[in-house]
Amino acid sequence: MREGSAESIQTLSGSYLGPIFRIGKGQRVQVRLKNELPDPTIIHWHGLSIPEEMDGHPRYAIAPGASYEYDFQVINRAGMYWFHPHPHGLTGPQVYYGLAGLFIVSDDEEASLGLPTGEYDLPLVIQDRTFDSQNQMVYLANGMMDQMIGFLGDTILVNGAPDAALDVKADAYRLRLLNGSNSRIYKLAWQDGTPLTVIATDGGLLEAPVTRDYITLAPGERVELWADFSGRTAGSQMRLVSLPFSGSSSGGGMMGGGMMGGSSLPNGASFDIMSLKVGAKSAEAVPLPTSLATIGRHRAEDAVNRNNPRAFTLAMQGMIHTINGRLFEMDAVARDEIVQLGDLEIWEFANLEGGEGGMGMGMMNMEMPHPMHIHGVQFQVLRRQITRGYESAYQALSAGFVDDGWKDTVLVMPGEKVQVLVRFEKYAGTYLYHCHNLEHGDAGMMRNYKIES
Ligand code: C2O
Ligand code: CU
Ligand code: CU
């Protein structure tokens, strides 16, 4: 670090993950990326609104040995953002082998709430990996199938550690969860059925806490929990688990692997994520605020395309997942991918896999959920609609969506249409939107969109 407070960079000890940035809203950040990998790379700051040259588009990827200077101001509200590489075709492996980290922004509105801080503010990155007999990470051992489904590891890691176990006090905690997995979806719950209290999503605090019996967290998404262990007896144990969910819809298609993929832990399997051992009480009781933040609600009637949402169809062509029938092209922007700076729009992602147009694999009817992410913005989910015949896989996860606040990534289930309200507020330029299943993105399920001023 050149200048600035020592608290702004925190390391997770014993972890392969990158450092945690802790930055105040309004601060300027300068980072030099030095590429010591044998391949091109570039870092993207997921969730931040920053100028195009700072955003880590693959066309800014630097060669081995080269460096890249980042210099930007953080204008986002308080929240947990993150960073990871974005070179075309190599994002999956580079994230997999450890190139990712958290970027936590604070602001005055958040500080006024007196939420748990210090050791009571716990960032938790959930990932899955597969290790060989030499304890080395194995990526995409099943080749083409893994690429099409997305990588699913058989070992669950929290902040880089397997069988994660944490000693907590009998006090209130802020647990900040990132699904940093390449393609796995988690159905998060407490093992004893205690409802989860959610205080924030991708783009920061909700207006007020909400509770869920379980939370669906797709790759790239974040959720922050209020976890108060003060009612628990010393020595008791809580476990954060992923509940089982059905991997196939009534359409008969395959979702997320199942018997088709090579993982011994398919998407939808049930497993423990981490255990928390409750100790003695040590802090003053911190009450959960009943109201958290102000969210300027977008209104559908204010969207420039309110009668004609911008449509993005997700479908299979051959063995590849496409967006509006297209694959990523480094510089191309189609006519329907141009928006105007300042405009509020409705974007609609329709996952038609498994339906007409989804029969790309001949006999196999591939149906997969796609976590769709838009660079450079935070959006609000306007509505979700599920096609008849697709309800069963949908209902296995839908009660766990938290659509109440700012999002930059939204899960689109097979047969589902999701509409989001998005304002292209800050910077003109060419940004990406893509599926955050990293293998899908690497295979081309990614496009440019251009914000014109
Ligand atoms: Cu985490 Cu292009 O994104
Ligand atoms: Cu991003
Ligand atoms: Cu996808």
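Residues numbered from 1 in each chain as written. Chains lettered and ligands numbered in written order. Predicted model: local features only at pLDDT ≥ 70, side-chain atom pairs only at ≥ 80, totals over all residues. Heavy atoms only, no water.

**Structural notes on unusual backbone geometry**
- Phi at aspartate 163 takes a positive value of approximately 45 degrees, unusual for a residue other than glycine.
- Since its relative accessible area comes to 73%, aspartate 163 is described here as exposed.
- Within the chain, asparagine 324 stands out as a residue other than glycine whose phi angle is a positive 50 degrees.
- Structurally, asparagine 324 can be placed in the loop between strand S21 (320-323) and strand S22 (338-340).
- For asparagine 324, a relative accessible area of 23% gives the class partly exposed. (Buried < 20%, exposed > 50% of the residue type's maximum accessible area, 1.4 Å probe, protein only. Helix = DSSP H or I, 4+ residues; strand = E, 2+ residues; numbered from the N terminus.)

**A word on the sheet that holds strand S16 (residues 215-217)**
- Read across the sheet, 5 strands follow the order S11-S19-S18-S13-S16 without closing on themselves; strand pairing throughout is mixed. The sheet is open, and its two edges are formed by strand S11 (164-168) and S16, each paired on a single side. Strand-to-strand twist across the sheet, computed as the mean angle between neighbouring axes with direction ignored, equals 25 degrees. (Pairing = 2+ DSSP bridges. Axes fitted to C-alpha atoms, helices over the stretch in contact; angles between N-to-C directions.)

**Observations regarding the pattern of salt bridges**
- Inspection of every chain in the model, using the stated rule, returns 30 salt bridges.
- For the salt bridge of glutamate 69 with arginine 32, the shortest nitrogen-to-oxygen distance reads 2.6 Å. Of this pair, glutamate 69 sits in strand S5 (residues 67-73) while arginine 32 is found in strand S3 (residues 28-34), placing the two residues 37 residues apart along the sequence.
- The exposure class assigned to glutamate 69 is partly exposed, which follows from its relative accessible area of 43%.
- Residue class for arginine 32 comes out exposed when judged on its relative accessible area of 56%. (Salt bridge = Lys/Arg side-chain N within 4 Å of Asp/Glu carboxyl O.)

**Describing the coordination of the copper ion (ligand 2)**
- Looking at the metal site, the copper ion (ligand 2) is ligated by His44 (NE2) and His373 (NE2), spaced 1.9 Å from it. Remark: histidine 373 occurs in strand S24 (residues 370-374) and histidine 44 occurs in strand S4 (residues 43-46); sequence separation between them is 329 residues.
- Overall, the relative accessible area of 0% leaves histidine 44 in the buried class. (Donors = N, O, S within 2.8 Å, 3.2 Å for Na, K, Ca; no water.)

**A few points about the coordination of the copper ion (ligand 3)**
- Protein-derived coordination of the copper ion (ligand 3) comes from His370 (ND1), Cys435 (SG) and His440 (ND1), at a distance range of 1.9 to 2.1 Å.
- In primary-sequence terms, the residues that donate to the copper ion (ligand 3) follow H-x64-C-x4-H. Residue histidine 370 is found in strand S24, and its partner cysteine 435 is found in strand S28 (residues 429-435); the two are separated by 65 residues along the sequence.
- According to the relative accessible area criterion, cysteine 435 is buried, its value standing at 1%.

**Quick word on the layout of surface pockets**
- Roughly 940 Å³ of internal volume is contained in the largest pocket.
- Taken together, 32 residues line the largest pocket, and the ones lying closest to its centre are Ile9, Phe21, Val29, Gln30 and Val31.
- Every element with two or more residues in the lining of the largest pocket is listed here: strand S2 (20-24), S3, S4 and S5.
- For the lining of the largest pocket, the element with the most residues is S3, which contributes 7 residues.
- Of the residues belonging to the lining of the largest pocket, the class tally is 14 nonpolar, 8 polar and 10 charged. (1 Å grid on protein atoms, 1.4 Å probe; cavity = no way out; pocket = protein on both sides within 12 Å on 5 of 7 lines; lining within 4 Å. Points joined across faces, edges and corners; volume = space filled by probe spheres on them. Nonpolar A, V, L, I, M, F, W, Y, C, P; charged D, E, K, R; others polar.)

**So, empty space enclosed by the protein**
- Under the definition given, this model contains 4 cavities of 30 Å³ or more.
- There is about 80 Å³ of room inside the largest cavity.
- Considering the residues around the largest cavity, the lining is formed by 15 residues, among which Thr216, Glu221, Phe401, Val402 and Lys407 are closest to the centre.
- Among the elements that take part in the lining of the largest cavity, S16 stands out by supplying 3 residues, more than any other.
- For the lining of the largest cavity, the per-class residue count stands at 7 nonpolar, 3 polar and 5 charged.

**Structural notes on the sheet that holds S24**
- Taken together, 5 strands build an open sheet; the order of strands is S22-S29-S28-S24-S26 and the sheet is mixed. Edge strands, defined here as strands with exactly one partner in the open sheet, are S22 and strand S26 (409-412). Pairs of neighbouring strands in the sheet enclose a mean axial angle of 25 degrees, with direction left out of account.
- In this sheet, S28 lies alongside S24 in antiparallel orientation, the contact comprising 3 bridges. Bridging across to S28, methionine 372 finds its partner in cysteine 435.

**Thoughts on the packing of aromatic side chains**
- Taken as a whole and judged by the stated rule, the model has 30 aromatic pairs.
- When the centroid spacing of 6.0 Å and the interplanar angle of 90 degrees are considered together, the rings of tyrosine 186 and phenylalanine 271 count as edge-to-face. In this pair, tyrosine 186 sits in strand S13 (residues 186-190) while phenylalanine 271 sits in strand S19 (residues 271-278), placing the two residues 85 residues apart along the sequence.
- A relative accessible area of 0% means that tyrosine 186 is categorised as buried. (Phe/Tyr/Trp six-rings, centres within 6.5 Å; stacked < 30°, edge-to-face > 60°.)

**Quick word on the environment of histidine 88**
- When you line up the elements, histidine 88 lands in the loop between strand S6 (79-85) and helix H1 (91-96).
- The class for histidine 88 is partly exposed, based on a relative accessible area of 32%.
- Apart from residues no more than four positions distant in its own chain, histidine 88 is found in contact with Pro58, Phe328, Met330, Gly441, Asp442 and Met446. (Contact = heavy atoms within 4.5 Å.)

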